[in-house]
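Inside the fold
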Amino acid sequence: MKSRNGSFATGAVLVGIHLGALAAFWPGFFHWSSVAVMLVLIYVTGGLGIALGFHRTLTHRSLTLWRPLEYAATVCGCLALQGSPIDWVVTHRIHHANTDRDGDPHDANAGFRWSHFLWMVMPNKNFAIGDERRRYAPDLFADPVCRFLDTYYLLPTVILAIALFAFGGWSWVVWGIFARLAIVYQFTWLVNSAAHTVGYQSFRTDDRSTNCWWVALLGWGEGWHNNHHAFPFSARHGLRWYELDVTWILVKTLAAVRLARDLKLPTPQMVSRLRLPRAARRRTSA
Ligand SMILES: [Zn+2]
Ligand SMILES: [Zn+2]
């Protein structure tokens, strides 16, 4: 049964994963091969799974991936252990529908810590349950793979953990599961907290979303978040030449080899209509 509240069980799991990540500092668990495994998996689960898969493809349909690749990216997203694809997409669509006002699951007005992680573990009336989930994600409910992963989204992580243990022992498990999850969590959560607090606004969005260069660097281009709230349908988040967006580079590359199509972008008219005058661009504020 899906709960409307954030749960203390979620909190316990998150604390446990961060404590497990600390074990990576124990000398017995350190191997350079484990660091390499972690770095690869950070990109595979955070960059391919969350940024490209769950966010730009499934939530916003800002591009269409070759179907087997879409499913592979969805499985990679499950490996980030941020809930099932359907729950992730539903929560994020609700965030876009009510950004920074009543109804937003991680309203940045409630404070940095709330939007960073407390919204998941404290009572929160803005999670969708039951039929509400279907209303926000009918496209995903129509997909048998997404429905399967809605129930079995932990399965890929179990398989990965067994494989890591088989090939690299506990060191690969500690670095490839626990340390990697803790890092990808922090990078993802910063999009909801820092990129609604610190940085500049290029566009009039009537919310607190910001473009934050260091969140964009850590988060595979997802930190150009004011651009994203202005044009949620856009496959490209970094819109200026200096706004590096590695996920957009990946999308263009996939399109060049015909693995992605229907890339959506704002028109110049849309951009100029919402662009703020230079003086109105907020630098940083809490
Ligand atoms: Zn946002
Ligand atoms: Zn979004």
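Now for a quick tour of the structure. Because the structure is predicted, anything quoted here is derived from the model rather than measured.

Scoring rules and cut-offs
Residues numbered from 1 in each chain as written. Chains lettered and ligands numbered in written order. Predicted model: local features only at pLDDT ≥ 70, side-chain atom pairs only at ≥ 80, totals over all residues. Helix = DSSP H or I, 4+ residues; strand = E, 2+ residues; numbered from the N terminus. Rg over C-alpha atoms; globule rule 2.2 N^0.38 Å. Core = buried A, V, L, I, M, F, W, Y, C linked by C-beta atoms within 7 Å. Buried ≥ 20, exposed ≤ 12 C-beta atoms within 10 Å, placed from the backbone. Contact = placed C-beta atoms within 7 Å. Axes fitted to C-alpha atoms, helices over the stretch in contact; angles between N-to-C directions. Parallel < 35°, antiparallel > 145°, perpendicular 65-115°, else oblique. Left-handed = near helix turned anticlockwise from the far one by under 90°. Bend = angle between axes of the 7 residues up to and from the residue. Arc of directions from axis to C-beta. Nonpolar A, V, L, I, M, F, W, Y, C, P; charged D, E, K, R; others polar.

Looking only at helices and strands, one finds 13 helices and 2 strands in the protein. In terms of overall dimensions, the protein is globule-like: its C-alpha atoms have a radius of gyration of 19 Å, near the 19 Å expected for 286 residues.

For the rest of this paragraph, the subject is the nonpolar core. If you look at the biggest cluster of nonpolar residues, it comprises 61 residues, and the most contacted ones within it are V89, V90, L190 and V215. Of all the elements in the fold, those that place two or more residues in this core are α2 (32-59), α3 (67-78), α4 (85-97), α8 (144-152), α9 (155-192), α10 (213-218) and α12 (246-256). Counting residues per element, this core draws most heavily on α9, at 15 residues. Contacts of V90, omitting those with residues within four sequence positions, involve A128, R133, Y136 and A137.

A separate point is the packing of α3 against α8. Interaxial distance between α3 and α8 falls to 11 Å at its minimum, and their mutual angle equals 15 degrees. The orientation of α3 with respect to α8, classified from their angle, is roughly parallel. Viewed along their axes, α3 and α8 form a crossing whose handedness is right-handed. Counting all contacts with α3, which are made through Y71, T74 and C78, the residues of α8 involved are V145, C146 and L149.

Turning next to α2. G49 marks the point of greatest bend in α2, at about 40 degrees. Counting buried residues along α2, 20 of its 28 residues qualify, which places the element largely inside the surrounding structure. R61 lies just past α2 and shows a positive phi near 50 degrees.

For L181, the location among the structural elements is in helix α9. Take L181: there are 26 C-beta atoms within 10 Å of it, and that puts it in the buried class. Sequence separation between L181 and T45 is 136 residues, and the spatial gap between their C-alpha atoms is 8.8 Å. If we ignore the near neighbours within four places in the chain, the residues touching L181 are I17 and L81.

Turning to helix α5 (residues 112-121), its buried residues number three or more, namely S115, H116, F117, W119 and M120. Taken end-on, α5 shows its buried residues confined to a sector of 150 degrees, consistent with a single buried face. Looking at the packing, one finds that the buried side of α5 touches α1 (8-22) and α9.

Moving on to the environment of K252. By the element assignment, K252 lies in helix α12. Residues K252 and R236, spaced 16 residues apart in sequence, show a C-alpha to C-alpha distance of 9.3 Å.

This brings us to unusual backbone geometry. Of note in this structure, R61 is not a glycine but carries a positive phi near 50 degrees. Its location among the elements puts R61 in the loop between α2 and β1 (64-65). One non-glycine residue, R258, lies in positive phi territory at about 65 degrees. Relative to the helices and strands, R258 is located in the loop between α12 and β2 (260-261).

Contact geometry of α2 with α9 gives a least axis separation of 8 Å together with a crossing angle of 40 degrees. Between α2 and α9, the angle falls in the class oblique. Considering only the axes of α2 and α9, their crossing is right-handed. Residues S33, S34, V35, V37, M38, L41, I42, T45, G46 and I50 of α2 touch α9, and the partners they reach there are G168, S171, W172, W175, G176, A179, R180, I183, V184, F187 and T188. In terms of residue class, the contact of α2 with α9 is made up of 12 nonpolar, 8 polar and 1 charged.

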